[in-house]
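# What the coordinates show
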Amino acid sequence: MKVTLVSTFGDACGVSEYGAYWKEAVELEGVKVEVHTDLHPKSILEAQKVPPILVINYQAALLSQWHPEHIREVKKRGGRVLVVWH
């Protein structure tokens, strides 16, 4: 199983730190986590295939481009979505 985490990463901010801790914890359970640092939804939606499991490490100022219709589109194309709201 592979999970794609949309998040800032490696930055000095709480959202980035949360993403790093989340990735570490999930990988300890044997799940591969790919970090996707392009925060705009088009970077996911323009791909031929969406990730099977997409986790959006959402903070309004950083990921303001993500709207409910983007999540519906991922789900329509077969992906499952988890939004972590900060």
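In every chain, residue numbers begin from 1 and rise along the written sequence. Reporting in this predicted model follows two pLDDT cut-offs: at least 70 for local features of residues, and 80 or more for side-chain atom pairs to be given and counted; totals over whole chains, interfaces and linings ignore these cut-offs and use all residues. The side-chain figures draw on all heavy atoms in the structure; neither hydrogens nor water molecules are used.

We now examine the pattern of salt bridges. Take a side-chain nitrogen of Lys or Arg and a carboxyl oxygen of Asp or Glu: if they are within 4 Å of each other, that pair is a salt bridge. All told, the structure shown has 2 salt bridges when counted by the stated rule. Note that glutamate 34 and lysine 2 form a salt bridge whose closest N and O atoms lie 3.4 Å from each other. Taken together, the residues glutamate 34 in strand β2 (residues 32-36) and lysine 2 in strand β1 (residues 2-6) connect sequence positions 32 residues apart. You can call glutamate 34 partly exposed: its relative accessible area is 34%. For every residue, the accessible area obtained with a 1.4 Å probe (protein chains only) is divided by the maximum for its type, and the residue is called buried under 20%, exposed over 50%, and partly exposed between those limits. With a relative accessible area of 37%, lysine 2 lands in the partly exposed category. A salt bridge links lysine 23 to glutamate 27; the nearest nitrogen and oxygen atoms lie 3.0 Å apart. Separated by 4 residues within a single helix, lysine 23 and glutamate 27 lie in helix α1 (residues 14-28), roughly one turn from each other. Under the relative-accessibility criterion, lysine 23 is labelled buried at 18%. Owing to a relative accessible area of 29%, glutamate 27 belongs among the partly exposed residues under this scheme. What counts as a helix is a DSSP run of H or I of at least four residues, what counts as a strand is a run of E of at least two, and both are numbered from the N terminus.

Here the focus is the sheet that holds strand β3 (residues 53-58). Spatially, β2-β1-β3-β4 is the arrangement adopted by the 4 strands of the open sheet, whose pairing is parallel. On the outer flanks of this sheet lie β2 and β4 (80-85), each paired with one strand and no other. Strand-to-strand, the axes of this sheet are offset by a mean angle of 25°, without reference to chain direction. For two strands to be treated as a pair, DSSP must find no fewer than two bridges joining them. Relative to β3, β1 is paired through 3 bridges, and the arrangement is parallel. Where helices are involved, their axes are fitted lines through C-alpha atoms of the stretch in contact, as for all axes, and angles between N-to-C directions lie from 0 to 180°.

All right, on to the packing of aromatic side chains then. When the centres of two rings from Phe, Tyr and Trp lie within 6.5 Å, Trp using its six-membered ring, the rings pair. Their planes under 30 degrees apart give stacked, over 60 give edge-to-face, and anything left gives tilted. Enumeration over the complete set of coordinates arrives at 1 aromatic pair. Ring geometry for tyrosine 58 versus tryptophan 85: centroids 4.6 Å apart, planes at 25°, classification stacked. Highlighted residues: tyrosine 58 in strand β3 and tryptophan 85 in strand β4, separated in sequence by 27 residues. The class of tyrosine 58 is buried, set by a relative accessible area of 10%. Owing to a relative accessible area of 64%, tryptophan 85 belongs among the exposed residues under this scheme.

With that settled, consider the nonpolar core. Put simply, buried Ala, Val, Leu, Ile, Met, Phe, Trp, Tyr and Cys residues joined by side-chain atoms within 4.5 Å make one nonpolar core. Val6, Leu39, Ile44, Leu45, Val50, Leu54, Ile56, Tyr58, Leu63, Trp66 and Val74 together form the largest nonpolar core, which totals 11 residues. For this core, the elements supplying multiple residues, two or more each, are α2 (42-45) and β3. Any two residues having at least one pair of non-hydrogen atoms within 4.5 Å are treated as being in contact. Ignoring anything within four residues of it in the chain, the contact list for leucine 45 reads His70, Glu73, Val74 and Arg77. By size, the runner-up hydrophobic cluster in this structure holds 8 residues, among which are Val3, Leu5, Val26 and Val84.

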